[in-house]
Amino acid sequence: MIRLEKRKEPSKFWGIANPFLAVALTMLAGGIMFAALGKDPVVAIRLIFFDPIFSETFGSYSRPQLLIKSAPLILIAVGLAIGFKAGIWNIGAEGQYIMGALFGAGVALAFFPQPGWYIFPLMVIAGAFGGFLWAMIPAILKTRFNTNEILVSLLLVYVAERILAAMALGLMRNPDIPGFPGSRDLRRYEAAHNAELFANTGIHWGVVAALVAVILAYVMMTRHMLGFHVQLAGQAPRAARFGGVSPARLVVICLGISGALAGLAGMFEVSGPGGQVRIEFASGYGFTAIIVAFLGRLNPVGIVLAGLLLGLTYIGGELSQMMLQIPGAAIQVFQGMLLFFLLALDFQTNYRIRLTQGERA
Amino acid sequence: MILGSINPAVLLAALMVAATPILLAAIGELVVEKAGVLNLGVEGMMIMGACIGFIVAVNTGSPFIGFIGAALGGMALALLFALLTQALMTNQVASGLALTLFGLGLTALLGQRYVGITPPRTPKLDLGPLSDIPFLGRALFTHDIVVYLSIVLVAAVWWFLKYSRAGMILRAVGENHDAAHALGYHVKRVRVLAIMFGGACAGLGGAYLSLIRVPQWTEGMTVGAGWIALALVVFASWRPWRALAGAYLFGGVVVLQLNLQAAGVRIPVEYLSMSPYLITILVLVIISSGKGRSLDAPGSLNRPFHASS
Amino acid sequence: MKKLLTAAVLSAALATPVLADTTKVGFIYIGPVGDFGWTAGHDRARREMVEHFGDAVETTIVENVDYGADAERVMTQMAISGMDMIFAASFGYGPDVNAVAGRFPNVAFQHATGYIQDHPNISLYDARFYEGRAVLGHIAGKMTETNTIGYIASYPIPAVVSGINSAYLHAKAVNPDVSFRIIWTYSWFDPALEADAAETLIEQGADVIMQHTDSTAAIRVAEDAGVMAFGQASDMVEFGPNAHLTAIVDRWAPYYISRVQAVMDGTWEAQNSWLGFADGIIEMAPWNDRMPAELQAEADALVAAIAAGEYHPFTGPINKQDGTPWLADGEVAPDVDLATMNFYVEGITAELPN
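Residues numbered from 1 in each chain as written. Chains lettered and ligands numbered in written order. Predicted model: local features only at pLDDT ≥ 70, side-chain atom pairs only at ≥ 80, totals over all residues.

1. A few points about the nonpolar core
With 359 residues, the main nonpolar core has Ile 76 and Ile 290 of chain A together with Leu 232 of chain B as its most contacted residues. A per-element tally of this core places helix H7 (residues 149-169) of chain A first, with 17 residues. Aside from chain neighbours lying at most four places away, what touches Leu 232 of chain B is Ile 22, Ala 26, Ala 243, Gly 246, Ala 247 and Phe 250 of chain B. (Core = buried A, V, L, I, M, F, W, Y, C linked by C-beta atoms within 7 Å. Buried ≥ 20, exposed ≤ 12 C-beta atoms within 10 Å, placed from the backbone. Helix = DSSP H or I, 4+ residues; strand = E, 2+ residues; numbered from the N terminus. Contact = placed C-beta atoms within 7 Å.)

Shown next as structure tokens:
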């Protein structure tokens with residue numbers, strides 16, 4: 001009988017080897033799928049994993065794009081990971097992302113068309129506040145009424161999506177173009193535009209914010225008392241309570257941080273790459289970031305790598321559609337495989353396979 | 001305003017139909033969550049059922065076999081989730097989300113050649129004189145068999161959880177897996193079975209859309225029904241009959257707003273469509289703030305179990 | 001092992017060699033090509049265009065591209081990869097098309113249903129769907145026995161609102177007692193919701209269902225209920241052989257062929273085209289036999305009159321819903337009014353969502 005035995009310490013070797021093994025397995029399984037679809041598997045996989053970075057034709061454009069695509073995922077995931085470590089489950093980042101975008105865009109639209117250096121900083125504050133506020137709903141319900149935060153934060157995503165649609169069709173609609181849904185294009189409003197900071201690098205304020213968040217999170221988790229409390233609460237809730245960690249305070253802090261970061265991500269997106277408030281603005285970053293957080297093993301550095309890897313498959317997926325005419329659905333399946341392999345192989349980091357006699361559990 | 005044109009019996013009949021797919025998926029997820037597992041992949045399993053059910057029904061010519069295929073399709077995807085979360089100890093939230101992504105992509109591929117085809121017709125159940133009863137006949141006795149099946153399923157799950165020994169074990173596993181394990185129950189086996197049941201139910205719910213409600217196959221055709229089913233389980237505070245009531249309430253809100261619109265009443269659709277979720281949150285607050293915690297959120301929900309003995 | 005794999009992968013050759021005189025055309029779609037609606041219509045046109053030109057043209061598509069950063073990236077990569085021409089087949093791509101077009105002045109951009117044209121290498125194109133809606137309205141007004149027409153609408157945007165108005169005016173013209181019941185679904189594609197909407201409308205007395213949403217669900221509901229319906233974007237007759245009276249079929253192909261030809265000839269220049277029956281961009285699916293021969297002839301005549309430019313579906317006198325005059329007697333609606341339409345015409349009892 002095969003059984004898993006929990007390792008005392010996570011395996012360093014498997015921790016590093018697994019992602020490579022998972023990618024290799026995905027290439028194998030995905031390659032078989034592409035071949036079954038009548039596409040050259042070698043070319044397909046090269047387009048997905050290598051061309052966005054190394055291709056002479058696409059690389060110089062795709063590399064910066066990788067940052068643009070990955071930055072919101074990383075920014076959101078870093079915040080989520082702190083909560084996840086403490087056993088606080090915010091799965092409503094998508095809603096907080098939307099509310100951050102709406103608050104940020106709301107500030108911009110209120111000031112339009114005034115110029116002013118202070119407008120963008122105000123939008124940043126508003127964006128973070130919007131996400132924070134939306135995350136405070138599950139936080140307060142959890143601390144006051146012991147309501148499950150997983151479910152409340154998830155339900156609030158649906159509410160936020162509908163508020164977004166209502167805003168795009170109503171209050172925030174561009175008054176200059178009667179009848180059409182969608183707000184003004186913030187990229188055309190200089191004071192509110194989250195533009196590239198250096199030409200052709202893809203680096204905008206959202207990328208900077210993601211980087212800062214990663215560093216701060218890393219410092220907090222390894223050097224700061226709060227990080228210690230978070231770890232303790234996640235691993236030994238009872239010990240944490242005896243150690244003077246207030247669970248209520250931790251809930252508010254963790255949900256607050258993750259909400260604010262998700263809100264920031266939404267704000268940087270709507271004022272930059274996304275451009276405007278529109279019905280279809282939310283494209284699932286908040287949910288994908290949850291996967292990124294786990295692929296990165298809730299570790300800030302791991303999250304950066306996971307975010308970049310996922311971003312790569314998006315951009316490479318588009319390239320393979322374009323160059324090889326692989327259906328979009330096949331790319332989705334391919335990404336699904338990658339996630340499954342990454343998640344599945346991770347057990348080796350924490351568990352050891354043992355052969356035992358008889359059945360135990 | 002011409003509210004007179006809204007016929008309550010028809011409204012009732014329509015909301016039962018609108019509620020059936022989410023009810024089927026929700027009752028399955030309810031059992032899964034009762035066993036302490038949170039599977040966020042309901043949408044993925046539903047679309048799998050919609051697709052496989054459609055393909056099987058078209059190829060065999062029998063909607064009945066189609067529904068069996070749908071249940072198996074949903075179950076197959078659920079097994080993948082079970083393998084990941086139960087055997088390989090992956091995180092349930094991440095695995096569930098990945099499952100939805102995978103399911104949506106896979107079905108779009110599998111169903112490619114089935115777009116634009118009309119599936120074999122599922123006959124309505126002939127209940128003879130029952131359907132001639134004024135009001136009730138039209139409201140309750142003019143449906144296809146799956147509508148009744150979903151209600152029977154609710155009753156069965158209710159009985160199972162409340163009165164059967166197996167149901168008692170399942171609840172124990174969901175409430176406190178360490179205690180259940182100490183009592184000698186097979187925590188993982190119970191959970192895998194529950195996950196498979198959840199997948200089968202979600203598959204049936206999806207097939208109800210592709211074989212009866214719509215009926216056609218288009219990729220992504222569940223358009224979020226799986227997520228509504230998840231909300232529904234919470235709304236029901238994990239009680240089967242409340243899931244039925246909740247599904248009819250959700251369905252009712254949709255059907256009512258359509259009726260009001262058609263009758264020429266100006267209603268803010270965007271805001272009205274939020275109401276089921278807000279109500280659900282309210283219900284959640286009320287049940288969780290109450291003193292007794294008899295049948296609400298399973299204690300081990302979303303907590304991984306590993307027998308460390 | 002990993003290195004070995006990398007080397008093997010990198011050494012493989014990429015694309016097939018491209019002949020210098022091949023025109024390369026990229027398409028980006030908001031939905032999947034298998035949606036049986038909007039995106040399917042554009043892809044049908046693409047295939048027809050490829051058939052027309054054979055080896056002289058090479059096309060590529062990317063489906064399910066979100067508006068914003070994703071669209072901008074896909075179009076940029078298309079431009080980098082050497083596309084001569086890019087079709088962006090959805091309204092929401094507007095800002096993205098303009099952003100990319102500015103950077104690639106030698107690529108011809110074609111944006112469907114848009115309104116932003118900042119650069120000389122962007123053409124806009126749209127179809128006069130309201131022309132088709134006029135025909136549907138005429139048929140519906142004649143065929144209805146309950147004098148109630150059900151209308152399933154997506155979002156309150158000008159293209160949808162002008163469709164409702166056009167259909168209403170022409171139904172009213174042949175049947176003064178007709179009334180419209182309108183349901184907004186706030187989605188382009190939600191089969192279950194559209195089925196529920198159709199059922200609701202039928203229960204409230206509608207015996208003809210019109211839709212401005214993409215799924216085929218309503219047709220099937222109408223078929224089962226024994227009432228009539230019209231298809232959307234494609235000929236949907238197979239979903240309801242009895243119910244399906246006709247459909248406005250999107251046929252972008254003649255336009256796509258002419259635009260690609262222009263690029264080949266080096267005569268392409270920016271345009272803003274709003275095309276209808278006259279250009280073969282929309283056409284009516286074959287009439288259902290249950291339509292009386294007389295009505296079929298009338299419908300044919302209406303199509304012919306619109307195509308010939310003898311008749312404009314919005315010809316005054318027409319008042320707005322609140323009774324204020326919009327078009328004077330004999331006045332024809334200016335295009336700008338139609339392209340920005342956000343009011344109902346007189347006689348429609350429902351209220352237009354803001």
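2. Describing the pairing of strand S5 (residues 122-127) of chain C
All names here are of chain C. Across the 6 residues that make up S5, a large majority, 5, are buried. Across 4 bridges, the pairing between strand S4 (residues 108-112) and S5 is parallel. Note that in S5 the partner of Gln 110 across the bridge is Ser 123. Looking at chain direction, S5 and strand S11 (residues 272-275) are connected through 4 bridges and run parallel. Bridged to Ala 127 within S11 is Leu 275. (Pairing = 2+ DSSP bridges.)

3. Notes on the interface of chain B and chain A
Residue-level contacts link 44 residues of chain B with 40 residues of chain A. Elements supplying a minimum of two residues to the side of chain B that touches chain A: helix H4 (92-110), helix H9 (187-213), helix H10 (225-235), helix H12 (269-272) and helix H13 (275-289) of chain B. The element contributing the most residues to the side of chain B that touches chain A is H4 of chain B, with 12 residues. When the residues that make up the side of chain B that touches chain A are grouped by side-chain class, the tally is 27 nonpolar, 14 polar and 3 charged. (Nonpolar A, V, L, I, M, F, W, Y, C, P; charged D, E, K, R; others polar.)

4. Some thoughts on the interface of chain B and chain C
Contacts between the two partners involve 31 residues from chain B, matched on the other side by 29 residues from chain C. Those elements that provide at least two residues to the side of chain B that touches chain C are helix H1 (8-34), H9, helix H11 (240-262) and H12 of chain B. Ranked by the residues each element gives to the side of chain B that touches chain C, the list is headed by H11 of chain B, at 6 residues.

5. Some thoughts on the confidence of the model for chain B
Residues and elements named next belong to chain B. The predicted model of chain B has a mean per-residue pLDDT of 88, with 95% of residues at 70 or higher. The least confident element of chain B is H12, whose mean pLDDT is 76; the most confident is helix H2 (residues 42-60), at 97. For this predicted complex, the interface confidence comes out at an ipTM of 0.87, alongside a pTM of 0.88. (pLDDT = per-residue confidence, 0-100.)

6. Notes on H1 of chain B
Residues and elements named next belong to chain B. Maximal helix bending in H1 amounts to about 40°, located at Thr 20; proline Pro 21 follows within four positions. The buried fraction of H1 is high, at 22 of 27 residues. Backbone geometry just after H1 places Gly 36 at a positive phi near 90°. (Bend = angle between axes of the 7 residues up to and from the residue.)

7. Quick notes on the sheet that holds strand S3 (residues 85-88) of chain C
Residue and element names in this part refer to chain C. Across the sheet, 6 strands lie side by side as S2-S1-S3-S4-S5-S11; this open sheet has parallel pairing. Only two strands of the sheet have a single partner each, and these edge strands are strand S2 (57-62) and S11. Averaged over all pairs of adjacent strands, the angle between strand axes in this sheet comes to 20°, irrespective of strand direction. Sheet strands in contact with helix H4 (residues 94-103) are S3, S4 and S5, and its direction is about 175° off that of S4. (Axes fitted to C-alpha atoms, helices over the stretch in contact; angles between N-to-C directions.)

8. Some remarks on helix H6 (residues 145-163) of chain B
Residue and element names in this part refer to chain B. For H6, with 19 residues, the first-to-last C-alpha span of 26 Å sits near the 27 Å given by 1.5 Å per residue. Buried residues of H6: Val 146, Val 147, Ser 150, Val 154, Val 157 and Leu 161, and no others. Each buried residue of H6 lies within a common arc of 115° when the element is viewed along its axis, so the set occupies one face. The exposed residues of H6 that point more than 90 degrees off its buried face are Val 152, Ala 155, Trp 159 and Tyr 163. Residues of H6 that are buried in the fold lie against H1, helix H7 (165-175), H9 and H11. (Expected span 1.5 Å × (residues − 1). Arc of directions from axis to C-beta.)

9. A short note on unusual backbone geometry
Look at the link from Phe 112 of chain A to Pro 113 of chain A: it is a cis peptide, with omega at 0°. Among the secondary structure elements, Pro 113 of chain A is positioned in the loop between helix H5 (93-111) and helix H6 (119-145). Of the consecutive residues Gly 316 of chain C and Pro 317 of chain C, the connecting peptide bond is found in the cis state with omega at 5°. Within the element layout of this structure, Pro 317 of chain C appears in the loop between helix H10 (293-307) and strand S13 (318-319). With phi around 60°, Asn 147 of chain C is a residue other than glycine that occupies positive phi space. Take Asn 147 of chain C: it is sitting in the loop between helix H5 (129-143) and strand S6 (148-153).

10. Overview of the sheet that holds S6 of chain C
All names here are of chain C. Taken in spatial order, the 6 strands make up an open sheet running S7-S6-S8-S9-S10-S12, and their pairing is mixed. Of all the strands in the sheet, the pair left with one neighbour each is strand S7 (179-184) and strand S12 (282-284). On average, adjacent strands in this sheet sit at an angle of 15° to one another, irrespective of strand direction. Pairing analysis gives 4 bridges linking S6 to strand S8 (residues 208-211), with the strands arranged parallel. Paired with Tyr 151 across the two strands is Met 210, which belongs to S8.

11. Brief notes about the confidence of the model for chain A
The predicted model of chain A averages 89 in pLDDT, with 97% of residues at 70 or higher. Here strand S1 (residues 2-6) of chain A stands out as the least confident element of chain A, with mean pLDDT 72; H5 of chain A is the most confident, with 96.

12. Observations regarding the packing of H5 of chain C against helix H6 (residues 158-174) of chain C
Each pair of packed helices can be described by the angle between their axes along with the distance between the axes. Residues and elements named next belong to chain C. Following both chains from N to C, one finds H5 and H6 inclined at 35°, their axes separated by 7 Å at the closest point. When the axes of H5 and H6 are compared, the crossing they make is right-handed. Residues Phe 129, Tyr 130, Arg 133, Ala 134, Leu 136, Gly 137, His 138, Ala 140, Gly 141 and Lys 142 of H5 touch H6, and the partners they reach there are Ala 159, Ser 162, Gly 163, Ser 166, Ala 167, Tyr 168, Leu 169, His 170, Ala 171, Lys 172, Ala 173 and Val 174. Its residues assigned to classes, the contact of H5 with H6 shows 12 nonpolar, 7 polar and 3 charged. (Left-handed = near helix turned anticlockwise from the far one by under 90°.)

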